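Understanding the architecture of this molecule
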Amino acid sequence: MNRRHSKLTDWGLRQISTQEGDTILDVGCGGGRTVNKLAAAANLGVVYGIDYAEESVAAARRVNEQLMKQGRVEIRQASVSQLPFADNRFDLVTAVETHFWWQDIAAGMQEVFRVLKPGGSMAIIAEFYNGGKHAKYVDRLSKWTTMAILDVDQHKALFSSAGFIDVQVVEQRAKGWIFGIGTKPF
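Sequence positions are assigned chain by chain, starting from 1 and proceeding in written order. In keeping with the predicted nature of the model, local features appear solely for residues at pLDDT of at least 70, side-chain atom pairs appear and are counted solely at 80 or more, and the whole-chain, interface and lining totals rest on all residues. With hydrogens and water excluded, all non-hydrogen atoms of the structure serve as input to the side-chain values.

Salt bridges, as used here, are contacts in which a Lys or Arg side-chain nitrogen is within 4 Å of a carboxyl oxygen on Asp or Glu. Scanning the model with the defined rule gives seven salt bridges in all. Among the salt bridges present, the one from K117 reaches D91, with a minimum N-O distance of 3.3 Å. Taken as a pair, K117 in strand β5 (residues 116-126) and D91 in strand β4 (residues 90-96) lie far apart in primary sequence, 26 residues in all. Each residue gets one of three labels from its accessible area relative to the maximum for its type: buried under 20%, exposed over 50%, partly exposed in between, using a 1.4 Å probe on protein chains only. On the basis of relative accessibility, which here comes to 28%, the residue K117 falls in the partly exposed class. Taking relative accessible area as the criterion, D91 reaches 23% and is therefore assigned partly exposed. Among the ionic contacts, a cluster of salt bridges with common partners joins D87, E111 and R114. By definition, any uninterrupted DSSP run of H or I lasting at least four residues is a helix, any uninterrupted run of E lasting at least two residues is a strand, and each is numbered from the N terminus.

Written out as structure tokens, the structure is:
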């Protein structure tokens, strides 16, 4: 997954303003490559990654071993539905290829909102949504999986319903990619 999603991740991360000292959370960190990229961008900050899968946590820890020894990265096993962090802790929260698998996507967004600092941002990056190149598979996947396959307007509403402002959703229709971002108000 690290290699397969690298171009998508890079495309999405280019649209985010990251500061050197940011404290960042990557929800559903998988193999840990996004955590590594975020740590490079916030080179004076700390990046946390969470994943509910024990195997993913182990892989992310291997990929980020040096950064963990330096105290710049921390990887935990956890779920977006119960983030093990205090309120108002993060400058940025990312979810790359994960939000559509959350058990309760609206509750997950509320939990992300809770841990973001006022003025902090939440970014969703995915290569699949109801629209774009892969739209023809939505009906089939809806029957076979528990994926929350949202269209552009539903993504915007997801952010707005959780309390985010300045919501933007960008499509890369030819590739089937989507990027959404919202800010927690001050």
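Their axes nearest at 9 Å, the elements helix α5 (residues 105-115) and helix α7 (residues 152-162) cross at an angle of 50°. Taken together, the axis directions place α5 and α7 in an arrangement best described as oblique. Every pair of crossing elements has a handedness; the one defined by α5 and α7 is right-handed. Here I105, A106, M109, Q110 and F113 of α5 lie close against α7, whose contacting residues are L158, F159, S161 and A162. Split into classes, the residues belonging to the contact of α5 with α7 amount to seven nonpolar, two polar and no charged. Axis definition: a line fitted to C-alpha atoms, over the contacting stretch in the case of helices. Angles run 0 to 180 degrees between N-to-C directions. Oblique is the label for any angle not under 35 degrees, not over 145, and not in the 65 to 115 range, which are roughly parallel, roughly antiparallel and roughly perpendicular in turn. In this scheme the crossing of two helices becomes right-handed for a clockwise turn of the near helix relative to the far one and left-handed for an anticlockwise turn of less than a right angle. Whether two residues touch is decided by their heavy atoms; if any such pair falls within 4.5 Å, the residues are in contact. Classes in brief: Ala, Val, Leu, Ile, Met, Phe, Trp, Tyr, Cys and Pro nonpolar; Asp, Glu, Lys and Arg charged; the others, Gly included, polar.

To continue, consider helix α1 (residues 6-13). The element α1 is extensively covered by neighbouring structure, given that six of its eight residues are classed as buried. Buried within α1 are the following residues: S6, L8, T9, W11, G12 and L13. Packing partners of the buried residues in α1 comprise α2 (33-41), β4, β5, β6 (165-172) and β7 (177-183).

Turning our attention to the packing of α1 against α2. The N-to-C vectors of α1 and α2 enclose an angle of 35°; their axes lie 11 Å apart at closest approach. Of the two elements, α1 crosses α2, and the hand of that crossing is right-handed. Contacts from S6, T9, D10 and L13 in α1 reach T34, K37 and L38 in α2. Of the residues in the contact of α1 with α2, the class split is two nonpolar, three polar and two charged.

To continue, consider the nonpolar core. The nonpolar core is taken to be a set of buried Ala, Val, Leu, Ile, Met, Phe, Trp, Tyr and Cys residues, with the residues joined through side-chain atoms within 4.5 Å. By size, the foremost hydrophobic cluster in this structure holds 25 residues, and its most contacted members are L25, V93, W102, M109, V112, M122 and F164. Of all the elements, α5 adds the most residues to this core, at five residues. With residues near it in sequence (within four places) discarded, V93 still touches L25, V27, V112, V115, L116, S121, M122 and A123. Within the second largest apolar cluster, 23 residues are counted, among which are C29, V47, W177 and F179.

It is worth spelling out the sheet that holds β4 at this point. The mixed open sheet is built from seven strands, whose spatial order is β3-β2-β1-β4-β5-β7-β6. Each end of this open sheet is capped by a strand with a single partner; those strands are β3 (73-77) and β6. Neighbour-to-neighbour, the strand axes of the sheet open up by a mean angle of 15°, direction not taken into account. In this sheet, β5 lies alongside β4 in parallel orientation, the contact comprising six bridges. Among the inter-strand pairings, A95 is bridged to a residue of β5, identified as I124. Sitting on the sheet, α1 touches β4, β5, β6 and β7, and the angle it makes with β7 is about 35°. Taken strand by strand, α7 contacts β5, β6 and β7, and its axis lies near 155° from that of β6. For two strands to be treated as a pair, DSSP must find no fewer than two bridges joining them.

Worth remembering: the numbers are spatial, not functional.
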